[in-house]
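Chains, contacts and geometry: an overview
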Amino acid sequence: MTKSRPISPPTTAGQARGLARLPAVARLIDLALDEDLGRGDVTTEAVVGASGQRLEAAIVARERLVVFGLDVAAAVFTRVDPEIAATPRVGDGDAVAPGAVVLAVAGPAGAILRAERTALNFLQRLSGVATSSRRFADAVAHTNARVVDTRKTTPGYRVLEKAAVRAGGCQNHRFDLGAGVLIKDNHIAACGSVTEAVRRARAHAPHALRIEVEVDDADQLEQALDAGADVVLLDNMSPAQAAVATERAHARGVLVEVSGGIDLERAPRYAEVGVDIISAGALTHSAPAVDLALDVIAAAPDPEPAE
């Protein structure tokens with residue numbers, strides 16, 4: 001298997017504005033455009049043709065949402081035609097009300113119409129993740145817990161979806177399998193015990209990485225603590241069970257993460273018993289696309305043909 005350079009998610013608003021310049025994102029934009037425009041756009045070609053008609057349009061929120069992906073949406077338009085000017089009217093991470101203009105677009109009519117759906121697909125998906133993230137962050141804001149995402153991301157979209165999670169107010173867990181040691185149930189099954197799995201990790205993993213162990217019950221928790229785990233991941237435990245486990249782990253100076261079916265209703269219940277980290281795959285895999293649409297504001301008439 002060919003190795004590729006790992007891509008780290010952006011961690012600041014400034015880095016987020018440069019997402020579209022990442023080679024992986026540029027490839028994704030090209031793939032999406034080829035998927036939609038590979039055989040041309042027969043409707044636009046028939047209705048608009050090669051005329052010089054120009055449009056002014058705006059991408060408008062149809063519901064309350066948190067915006068993310070403006071840089072990527074703008075890059076879709078300019079990838080189709082560099083003459084298109086796509087100008088953000090809000091910032092990534094901003095919460096907007098229905099009717100808010102998030103991106104102004106002006107340029108050749110045919111090019112704007114060809115780019116419309118692909119630009120909206122990126123913006124609706126990524127804003128949906130950011131909106132979901134904001135709801136989770138708000139749900140635990142009265143506690144010291146933080147909500148993090150998982151690797152349950154749309155293939156090819158990880159750098160974008162994890163950036164959207166941060167824009168919404170939650171944080172990132174591992175970006176890829178090389179980013180941390182997380183011993184899960186199948187690792188334990190493969191080597192025989194929690195104790196042996198941690199021993200091997202201590203012996204072979206890079207020294208700077210924390211060792212996290214997923215545990216299913218109190219016995220595995222004690223094994224992980226005795227073996228010297230830095231973090232324990234309580235998998236599918238109830239809030240009451242998590243409270244007991246957290247007290248034991250914190251007494252040993254070990255961080256506690258919970259996972260397993262975490263939704264907006266359950267997240268604050270775990271946060272309130274004192275866990276440190278709540279990992280929620282729902283931040284990405286279950287975030288619904290939000291309602292954004294492109295509205296034409298003005299259409300300039302076709303220029304008069306030269307005599």
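Analysis parameters
- Residues numbered from 1 in each chain as written.
- Predicted model: local features only at pLDDT ≥ 70, side-chain atom pairs only at ≥ 80, totals over all residues.
- Heavy atoms only, no water.
- Core = buried A, V, L, I, M, F, W, Y, C linked by side-chain atoms within 4.5 Å.
- Buried < 20%, exposed > 50% of the residue type's maximum accessible area, 1.4 Å probe, protein only.
- Helix = DSSP H or I, 4+ residues; strand = E, 2+ residues; numbered from the N terminus.
- Contact = heavy atoms within 4.5 Å.
- Expected span 1.5 Å × (residues − 1).
- Bend = angle between axes of the 7 residues up to and from the residue.
- pLDDT = per-residue confidence, 0-100.
- Phe/Tyr/Trp six-rings, centres within 6.5 Å; stacked < 30°, edge-to-face > 60°.

Turning next to the nonpolar core. With 90 residues, the main nonpolar core has F77, L160, V213, V232, L234 and I278 as its most contacted residues. No other element matches the 13 residues that helix 5 (residues 109-139) contributes to this core. In this structure L234 touches V215, L221, A242, A245, T246, V256, E257, V258 and S259, once residues within four positions along its chain are discounted.

What follows deals with helix 5. Taking 1.5 Å per residue as the helical rise, helix 5 with its 31 residues ought to reach 45 Å, and the 43 Å between its terminal C-alpha atoms agrees with that figure. Where helix 5 bends most, the angle comes to about 40°, and this point is E116. Of all 31 residues in helix 5, 23 are buried; the element is thus mostly enclosed.

To continue, consider the confidence of the model for the chain. Predicted coordinates in regions of low pLDDT should not be interpreted in detail. For the chain, the mean per-residue pLDDT works out to 91, and 92% of the residues sit at or above 70. Below a pLDDT of 50 lies the segment residues 1-15, which in the model reaches 18 contacts outside its immediate sequence neighbourhood of four places, other chains included.

Attention now moves to the packing of aromatic side chains. If you walk through the whole model with that rule in mind, you get one aromatic pair. The interplanar angle of 25° and the centroid separation of 5.6 Å between the aromatic rings of F122 and Y157 together place this pair among those described as stacked. Of this pair, F122 sits in helix 5 while Y157 sits in the loop between strand 6 (146-148) and helix 6 (158-168), placing them 35 residues apart in sequence. Residue F122 shares its accessibility class with Y157, and that shared class is buried.

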